[in-house]
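Structural features, examined
This is what each chain is made of:
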Amino acid sequence: MTLAEFFQLDLVPMLAALLSCVTCGLLGTLLLLTRNSMMGDAISHAVLPGIAAGFWLTGTRAALPMVAGAIAAAVLAVALIGLIRRLARLEAGAAMGVVFSGLFALGLLMLVWSGAERVDLDLDCVLFGILETLVWPEATGFGSLLDAEALAALPPELMLLAAIFAVTLLVLALLWKELRLAAFDPGFGRVIGFDPRPVRALLMLLIAAACVASFWAVGSILVIAALIGPAAIARLLTDRYAMTFVLAAAAGAGIALAGYGAAALLPAALGAAQGFNAAGMIAVMAGLGFALAAAVSPFRASAFRRRRAGASRG
């Protein structure tokens with residue numbers, strides 16, 4: 001493969017996977033620390049009706065109406081989960097399961113009814129991602145990175161992912177202490193006059209936007225692997241607040257690049273007649289990364305030593 005072919009065919013998909021998994025890893029860390037990991041699963045599925053509605057109203061894949069629709073669907077999902085918990089007295093997991101499965105099914109029906117497949121917004125695209133189609137034909141090499149005309153031809157999906165990534169970093173920087181307080185001691189925050197609810201609402205909005213941007217890369221089903229996988233890996237390796245985010249970002253980058261690389265190289269190495277889905281391989285790498293982190297986790301070793309010490313004393 002020549003350098004020009006790499007820039008045209010592989011650079012944008014790799015960057016899209018990288019931005020998606022790093023952004024979701026950072027936001028997923030906040031979900032994990034606030035013990036709301038399942039809420040990420042619920043939102044990643046519940047935004048589908050909003051995406052479909054955004055297309056239905058505009059007839060295009062324009063980012064703004066889809067993000068707006070997804071955020072509205074996420075707000076609706078959170079409200080419905082709270083309402084069902086109060087009225088039916090169900091525990092949180094059951095309420096989330098009812099809401100996200102119902103909204104996800106509604107979104108699938110809306111995509112079919114709206115004729116979204118006519119603009120390449122079919123079910124396979126939404127469910128499993130379209131990394132392989134994010135090409136940059138105008139690229140010729142490193143010079144294209146400084147060519148305004150070539151940069152203007154970059155896929156808009158990559159631009160959306162970059163924007164969500166930048167907003168996520170900005171929110172983390174501006175609300176670092178508030179997010180930490182909301183994660184670890186919201187009760188104390190209320191005592192000193194800090195209400196964690198607006199911060200949590202902002203987190204849900206960010207996750208909704210990240211899910212919309214990421215479904216082009218990993219699909220609406222496998223985005224949960226990008227949300228929870230890097231955060232879970234980081235949590236197995238450290239108990240320090242700041243380091244958890246650093247490791248989650250690194251893990252997100254690692255599973256994105258490893259997954260994309262494996263999807264591109266493994267079929268030829270195994271003699272497979274058909275290529276592997278990049279989103280599926282990214283999810284596989286998230287699972288392998290978690291297994292590896294669990295095997296080398298210092299907390300696992302400490303727990304094992306404590307059990308052995310207790311057994312010897314007994």
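Criteria and cut-off values
Residues numbered from 1 in each chain as written. Predicted model: local features only at pLDDT ≥ 70, side-chain atom pairs only at ≥ 80, totals over all residues. Heavy atoms only, no water. UniProt positions renumbered as here; feature names shortened; annotations may be inferred. Core = buried A, V, L, I, M, F, W, Y, C linked by side-chain atoms within 4.5 Å. Buried < 20%, exposed > 50% of the residue type's maximum accessible area, 1.4 Å probe, protein only. 1 Å grid on protein atoms, 1.4 Å probe; cavity = no way out; pocket = protein on both sides within 12 Å on 5 of 7 lines; lining within 4 Å. Points joined across faces, edges and corners; volume = space filled by probe spheres on them. Nonpolar A, V, L, I, M, F, W, Y, C, P; charged D, E, K, R; others polar. Helix = DSSP H or I, 4+ residues; strand = E, 2+ residues; numbered from the N terminus.

As annotated in an unreviewed UniProt entry, the protein chain is Metal ABC transporter permease from Elioraea tepida. The UniProt entry for the protein chain carries this comment under Sequence similarities (unreviewed entry): "Belongs to the ABC-3 integral membrane protein family." Its UniProt record gives the protein chain a comment under Subcellular location (unreviewed entry), which states: "Cell membrane".

Counting 83 residues, the largest nonpolar core has M39, I43, V47, L131, W136 and I207 as its most contacted members. L48, A52, F104 and L111 belong to the second largest nonpolar core, which has 5 residues in total.

Before going further, it helps to spend a moment on empty space enclosed by the protein. In this approach, a probe sized like a water molecule rolls over the atoms, and the result shows the empty space that is left. One pass over the structure, following the stated rule, counts 2 cavities of 30 Å³ or more. Computed from the structure, the largest cavity encloses a volume of approximately 40 Å³. Surrounding the largest cavity, L30, T34, L179, A182, A183, V199, R200 and L203 form its lining. Split into classes, the residues belonging to the lining of the largest cavity amount to 6 nonpolar, 1 polar and 1 charged. Computed from the structure, the second largest cavity encloses a volume of approximately 30 Å³. Looking at the second largest cavity, the residues that line it are L27, L30, V171, L179, V199, L202, L203 and L206.

In the numbering used here, UniProt assigns the "transmembrane region" (unreviewed entry) feature to residues 12-33, 63-83, 95-114, 126-146, 158-176, 201-229, 241-266 and 278-299. Along residues 12-33 the backbone is 100% helical and 0% strand, and the end-to-end C-alpha distance reaches 32 Å. Taken end to end, residues 241-266 is 100% helix and 0% strand, and its two terminal C-alpha atoms sit 36 Å from one another.

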